[in-house]
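Listed below, chain by chain, are the residues.
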Amino acid sequence: MKISFVTSIYKTADSIEAFIEQAKATADKLGMQHEIVLVNDASPDHGLKKAINFAEQDDAIAVLDLSRNYGQHKALWAGMEFATGDLVMMLDGDMEELPSWAEQFYEVMQAEGADVVYGIQKSPKGKFLYRLSRRFFYKVLSYISNFEFPHNVATARLMQRNYVDVLKRFEETEIWLVGIMHSAGFKQVPVIVEKHKTAPTKYSLPMLLQLFITAITAFSIKPLIGVFVSGLLISAAAFVYIIFLIANYLVSGIGVPGWTSVMAALIMIGGILTSFIGILAIYVGTIFLEVKQRPRSIVKTVYQDGKASTFQNWQEIRDVQETN
């Protein structure tokens, strides 16, 4: 049996050696062959050079160099697609999530007969506002989405090959990794983990907001239903108010004095309509990105077995090997 460890490189150059050593030691303890896939997400440090040096010394290490920065989720997806192991262990690359967790995850997988074992953070890191935003993110998502997603999910995840092959069938460009992985189904078992807080989180509030929008538009149309229902309610309220004004005029002969209330109502309705149009625009924008069918990421170069090749060449080599 073979296990693949997959992680991304982005400002994690100092953690690469420790990650590799612990991954190899963990595979030995499990009595498995191993593969280590390091995906360089256009890291601004010397992470790529360091990873290539390790790949030149060890045939079990593969380095995927992306053409630009695509973000952690797309980088990890590229590594998962490249991995060949019977088991795939996906992790953050900063050693806050440890490759040694694969031992515990594998024990749980065997005991539970699970297809996937994933980590749940015991205490998410970040400042108060960030943690509050995360809590809001998951509560709102659980309320309006069509799936029940677990909260505070870590990147760490041990997956069976049959499950990984199914994930590859998801073709959307704008991905929320946790959402896709849980919506795919199969038997998935959580494990409580304590991440080692070695550095501040790389996710800022704007990034979290972007992730929230991606998650909502990818897994729910309830905001669109909310727009429709709200429109009906506003129209009904306006109709009732018009009837009231007509009745008041017929009874007292007095129209509505002043224009302040009218302007306030117009501003309020204008703001609501603008928000609704914004929601519609987000969905239209998501459709716009998806229908173009651009690749999630582009692997510029693959470094493995002492040589550098394109990703397509490696795919051809593997096709030949599988055929033979």
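Provided above is the structure to which this section pertains.
We now turn to the structure provided with this report. Only a predicted model underlies this, so the values are computations on that prediction, with no experimental measurement involved. (Residues numbered from 1 in each chain as written. Predicted model: local features only at pLDDT ≥ 70, side-chain atom pairs only at ≥ 80, totals over all residues. Heavy atoms only, no water.)

Here we take up the overall build of the protein chain. In terms of regular secondary structure, the protein chain is built from eleven helices and nine strands. Here the protein chain holds 324 residues, and 44% of them are scored as buried. For the protein chain, the share of sequence-separated contacts (at least 6 apart) that also reach a separation of at least 24 residues comes to 81%. With an accessible surface of roughly 17200 Å², the protein chain has 62% of that area assigned to carbon and sulfur atoms. (Helix = DSSP H or I, 4+ residues; strand = E, 2+ residues; numbered from the N terminus. Buried < 20%, exposed > 50% of the residue type's maximum accessible area, 1.4 Å probe, protein only. Contact = heavy atoms within 4.5 Å. Areas by Shrake-Rupley, 256 points an atom, 1.4 Å probe, with all protein chains shown as cover.)

Where helix α1 (residues 16-30) contacts helix α4 (residues 101-112), the axes come no closer than 9 Å and their chain directions differ by 35 degrees. Across the interface between the two elements, T26, K29 and L30 of α1 pack against A102, E103 and Y106 of α4. (Axes fitted to C-alpha atoms, helices over the stretch in contact; angles between N-to-C directions.)

So, about the sheet that holds strand β8 (residues 299-304). If you walk across this open sheet you meet the nine strands as β7-β5-β6-β4-β1-β2-β3-β8-β9, and the pairing is mixed. The open sheet has two free edges, formed respectively by β7 (188-193) and β9 (307-309), since each of these has just one partner strand. When the angles between neighbouring strand axes are averaged without regard to direction, this sheet yields 20 degrees. Bridging between strand β5 (residues 116-121) and β7 involves six bridges; their strand directions are parallel. Considered in β7, the bridge of V116 is made with Q188. The strands touched by helix α3 (residues 72-82) within the sheet are β1 (2-9), β2 (33-40), β3 (61-66), β4 (87-90), β6 (153-160) and β8, with β1 carrying the most contacts at an inclination of about 155 degrees. (Pairing = 2+ DSSP bridges.)

Below, the discussion takes up the nonpolar core. Counting residues in each nonpolar core, the largest one holds 38 residues, and the members touching the most others are I3, F5, L38, I61, M89, F105 and L158. Apart from residues lying up to four places away in sequence, F105 is in contact with M89, V117, Y118, G119, A156, R157, L158, V191 and V193. (Core = buried A, V, L, I, M, F, W, Y, C linked by side-chain atoms within 4.5 Å.)

With that out of the way, let us pick up the pairing of β1. Looking along a regular strand, one sees side chains alternate from face to face of the sheet. Across the eight residues of β1, seven count as buried, placing the element largely inside the fold. Taken together, the eight bridges between β1 and β2 define a ladder with parallel strand orientation. Its bridge partner being in β2, K2 is matched across the sheet by Q33. This β-α-β element, β1 to α1 to β2, shows right-handed connectivity. Alignment of β1 against β4, held across four bridges, turns out to be parallel. Across the sheet, the residue bridging to V6 is M90, located in β4. (Right-handed = clockwise from strand over helix to strand, strands pointing away.)

What follows is about the packing of aromatic side chains. Scanning the entire structure with this criterion turns up two aromatic pairs. Summarising the aromatic geometry, the rings of Y163 and F186 are spaced 5.5 Å apart at their centres and angled 85 degrees between planes, so their arrangement reads as edge-to-face. On the criterion of sequence distance, the pair formed by Y163 in helix α6 (residues 161-167) and F186 in the loop between α7 (177-183) and β7 is long-range, its members being 23 residues apart. Residue classification places F186 among the partly exposed residues on the basis of a relative accessible area of 37%. Sitting over the face of the ring of Y70, R68 holds its NZ or CZ atom 4.0 Å from the ring centroid. (Phe/Tyr/Trp six-rings, centres within 6.5 Å; stacked < 30°, edge-to-face > 60°. Lys NZ or Arg CZ within 6 Å of the ring centre and 35° of its normal.)

Further remarks concern the environment of G79. Within the element layout of this structure, G79 appears in helix α3. G79 sits in the buried class, given a relative accessible area of 0%. Between the C-alpha atom of G79 and that of V299, which follows or precedes it by 220 residues, the distance is 9.8 Å. With sequence-adjacent residues up to four places away left out, G79 is seen in contact with V6, V37, V39 and L64.

What follows deals with a nonpolar patch on the surface. A contiguous nonpolar surface patch, about 310 Å² in accessible area, is contributed by F239, V240 and I243. Its location among the elements puts V240 in helix α9 (residues 222-252). (Patch = residues over 30% accessible without salt bridge, like charges linked within 9 Å, V, L, I, M, F, W, Y side chains within 5 Å. Salt bridge = Lys/Arg side-chain N within 4 Å of Asp/Glu carboxyl O.)

Here α1 contains 15 residues, and its C-alpha end-to-end distance of 21 Å stays within 8% of the 21 Å for a straight helix at 1.5 Å per residue. Looking only at α1, the buried set comprises I16, F19, I20, A23, T26, A27 and L30. End-on, the buried residues of α1 take up no more than an arc of 135 degrees, which puts them together on one face. What points out from α1, more than 90 degrees from its buried face, is the exposed set D28 and K29. Buried-residue contacts for α1 involve β1, β2, α2 (47-57), β3 and α4. Phi turns positive, to about 70 degrees, at G31, one or two residues after α1. (Expected span 1.5 Å × (residues − 1). Arc of directions from axis to C-beta.)

A few words now on the side chain of S297. Mapping S297 onto the fold places it in the loop between α10 (260-291) and β8. In this structure, S297 is in contact with L66, Y70, K74 and A78, ignoring residues within four places of it in sequence.

Turning our eyes to something else, we now look at the packing of α1 against α2. Interaxial distance between α1 and α2 falls to 10 Å at its minimum, and their mutual angle equals 35 degrees. Crossing of α1 against α2: the hand is right-handed. Facing I16, E17 and I20 of α1, the residues of α2 in contact are G47, K50, A51 and F54. Residue composition of the contact of α1 with α2, by class: four nonpolar, one polar and two charged. (Left-handed = near helix turned anticlockwise from the far one by under 90°. Nonpolar A, V, L, I, M, F, W, Y, C, P; charged D, E, K, R; others polar.)

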